[in-house]
Amino acid sequence: MSYGQGGSQSQWDPWKPHSQQSWNSGSDSQSPDWAALAEASEARAKRRRLLFVGGGALATVAVGAAVAVAVMNAGSDDDATRQPASQLPATAALPSGSATPSFAPTSAPPPLDPKDFISSAKKDTAPLSPDTLFPGTQLTMGSTVYKKGPTADTTGCATAAQGTLGPILTADGCTRLIRVTYTKDGIAATVGVAVFDSEAQATKAKHRADKKSIVKPLTGGGVKPFCAGAVCRSTTNSYGRYAYFTLSGFTDGKDVTTKDTAVFRTGDDLAEFTFQQIRRRGEAQASAAANR
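This one's a predicted model, so the numbers in the text were calculated from it and none came from an experiment.

**Student:** I'd like a rundown of the overall build of the protein, residues and numbers included.
**Tutor:** Looking only at helices and strands, the protein has six helices and eight strands in total. Put simply, the protein runs from its N terminus to its C terminus through helices and strands in the order α-α-α-β-β-β-α-β-β-α-β-β-β-α. Sorting the 292 residues of the protein into buried and exposed places 29% on the buried side. Expressed as a percentage of contacts within the protein between residues at least 6 apart in sequence, the contacts between residues at least 24 apart total 65%. Accessible surface, the protein: about 19000 Å² in total, of which carbon and sulfur atoms supply 56%.

**Student:** Go over the state of the cysteines, please, and point to the residues and values.
**Tutor:** Here, disulfide denotes a covalent bond that connects the sulfur atoms of two cysteines. Following the criterion strictly, the structure yields two disulfides and no others. The disulfide that involves Cys 157 links it to Cys 174, with 2.1 Å between the sulfurs. Handedness of the Cys 157-Cys 174 disulfide follows from its S-S torsion of about -75°: it is left-handed. Taken together, the residues span a long stretch of sequence, with Cys 157 in the loop between β2 (144–154) and β3 (161–163) and Cys 174 in the loop between α4 (165–171) and β4 (176–184) at a distance of 17 residues.

**Student:** Got a sec to walk through the nonpolar core? Specific residues and values, please.
**Tutor:** By size, the foremost hydrophobic cluster in this structure holds 22 residues, and its most contacted members are Leu 169, Ala 194, Phe 196 and Phe 245. Among the secondary structure elements, those contributing two or more residues to this core are α4, β5 (187–195), α5 (199–208), β6 (213–215) and β8 (242–250). Filtering out sequence-adjacent residues up to four positions away, Ala 194 remains in contact with Leu 169, Cys 174, Arg 176, Leu 177, Arg 241, Tyr 242, Ala 243 and Phe 245. In terms of nonpolar packing, the next biggest core, distinct from the first, is built from 21 residues, Leu 139, Ala 189, Tyr 239 and Ala 271 among them.

**Student:** Go over the pattern of salt bridges with me, naming the residues and quoting the values.
**Tutor:** Throughout the structure, instances matching the rule amount to eight salt bridges. Of the charged contacts, one joins Glu 199 and Lys 115 as a salt bridge, the two residues approaching to 3.1 Å between their closest N and O atoms. In this pair, Glu 199 is assigned in helix α5 and Lys 115 in helix α2 (residues 114–117), connecting sequence segments 84 residues apart. Residue Lys 115 is classed as partly exposed on the basis of its relative accessible area of 27%. Asp 268 is the partner of Arg 233 in a salt bridge, and the nearest nitrogen-oxygen pair spans 2.8 Å. A residue pair is termed long-range when its members are at least 10 positions apart, and Arg 233 in strand β7 (residues 233–239) and Asp 268 in helix α6 (residues 261–290) qualify at 35 residues.

**Student:** Please set out unusual backbone geometry residue by residue, giving values where relevant.
**Tutor:** With a phi close to 50°, Asp 185 is a non-glycine residue in the positive phi region. Summarising the element assignment, Asp 185 is placed in the loop between β4 and β5.

**Student:** Before we move on, could you go through the packing of aromatic side chains and cite the residues and values that matter?
**Tutor:** On inspection of all chains with the given rule, the structure shows two aromatic pairs. Where Tyr 239 meets Phe 275, the ring centres are 4.9 Å apart and the plane angle is 75°; that geometry is what we call edge-to-face. With a gap of 36 residues between them, Tyr 239 in strand β7 and Phe 275 in helix α6 connect regions that are remote in the sequence. Overall, the relative accessible area of 21% leaves Phe 275 in the partly exposed class. Just above the ring of Phe 117 sits the side chain of Lys 123; from NZ or CZ to the centre is 5.4 Å. For Lys 254, the ring lying beneath its charged end belongs to Phe 250, and the centroid distance is 4.3 Å.

Conventions and cut-offs
Residue numbers here run from 1 along each chain, matching the order of that chain's written sequence. Only residues with pLDDT of at least 70 get local features here, since the model is predicted, and only at 80 or more are side-chain atom pairs given and counted; chain-wide, interface and lining totals rely on the full set of residues. Hydrogens are left out, water is left out, and the side-chain values use all remaining heavy atoms of the structure. A run of DSSP states H or I qualifies as a helix once it reaches four residues; a run of E qualifies as a strand once it reaches two. Both are numbered from the N-terminal end. When a residue's accessible area, from a 1.4 Å probe over protein chains only, is under 20% of the maximum for its type it is buried; when over 50% it is exposed; and in between it is partly exposed. By definition in these notes, contact holds between two residues if any of their heavy atoms fall within 4.5 Å. Throughout, the Shrake-Rupley method with a 1.4 Å probe supplies accessible areas, and for residues the shown protein chains are the sole cover considered. Two cysteine sulfur atoms make up a disulfide if the distance between them is within 2.5 Å. What we call a nonpolar core is a set of buried Ala, Val, Leu, Ile, Met, Phe, Trp, Tyr and Cys residues that are connected through their side-chain atoms within 4.5 Å. In what follows, salt bridge is the name for a side-chain nitrogen of Lys or Arg lying within 4 Å of a carboxyl oxygen of Asp or Glu. Stacked, edge-to-face and tilted labels apply to pairs of Phe, Tyr and Trp rings (six-membered ring for Trp) whose centres lie within 6.5 Å, assigned for plane angles under 30 degrees, over 60, and everything in between, in that order. Criterion for a charge above a ring: Lys NZ or Arg CZ within 6 Å of the ring centre, and within 35 degrees of the ring normal.

Printed below as a string of C-alpha cells:
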C-alpha cells in the first residue's frame, strides 16, 4: 500500500505572500531549490533597476520642460509679448517707414582757392613790397644759403628790363617791377617780379618773352657788376598776375656754360622761392577771407 501525497502541493514562492514550501511526507526531508531562488531574486532586482531608470528619464523630461517654460516667460515682462497672436496689433497699426525723420541736405561752402586772390588786382590787396616778397637777410634752399643783396621797386617796368623784355612788359600792362639780388661763392642772381592787373596779362607776357627778354641785373651794396656783356643764364615764369624773370652769372665776368651747374642751381632756387612766396601770398589772403 503506497502512501502518496493527497493532491497537488502548491509551489513556494519566497516573494509571494502566504505561499508555503512543500515538504515530502517521507522520512527524508528535501532542501530548498537554491538555483530557482537565485534566478527569481535576480529577475526581481532587474525589474527594480528598469523601473528606476525609466522613472529618472521621465523626471529629466519634466525638469527640462519646466526650464523651457521658465526661459520663455523670462524673455520679457511686457504684457504684449505674452498675448496670443490673435491679440497682437494688425500690420496696418504698426509704424511705417514714413515715420523716419528726414533732414534737409546741407553742404559746407567750398574752400577758397588761394590762386584766385593773386590772379586779380581787385582781390590781391595785401601789402606788397620787396621785403614782403623777399624777407630777411638771406635765403636758405635745402642746405644752400644765399646772401641777400640790394632790392629795388619801380612802376617804370621797362627801366628795369633789358633786350626785348621792356617793350613786352609795357605792351602787356606791367604796373610794377620788384627786383632783388642774392649771391654765393662768386655767383650772383637777380629776380625781377613784374606785377599785372590780371593773370591773363602776366601769362601773355610770359609767352611773348624770348631768349633776349631778360631782367636788368641789380648790383651795388657789396654786389659786384655781373652779366655786363658776359653770357648769363635766364629763366621766365608766371603765376597768377605775376611774371618773374631770373638772371644769374659770375661776378668776375666769366661766361656761363652748360657745365656750370652751380649757376643753374642758383637761378632755379631763386625762381622756386619766388613761386613759393607768391603762392603763400594767396594762401594768406584766402585764409583771412575764410575767417571773416
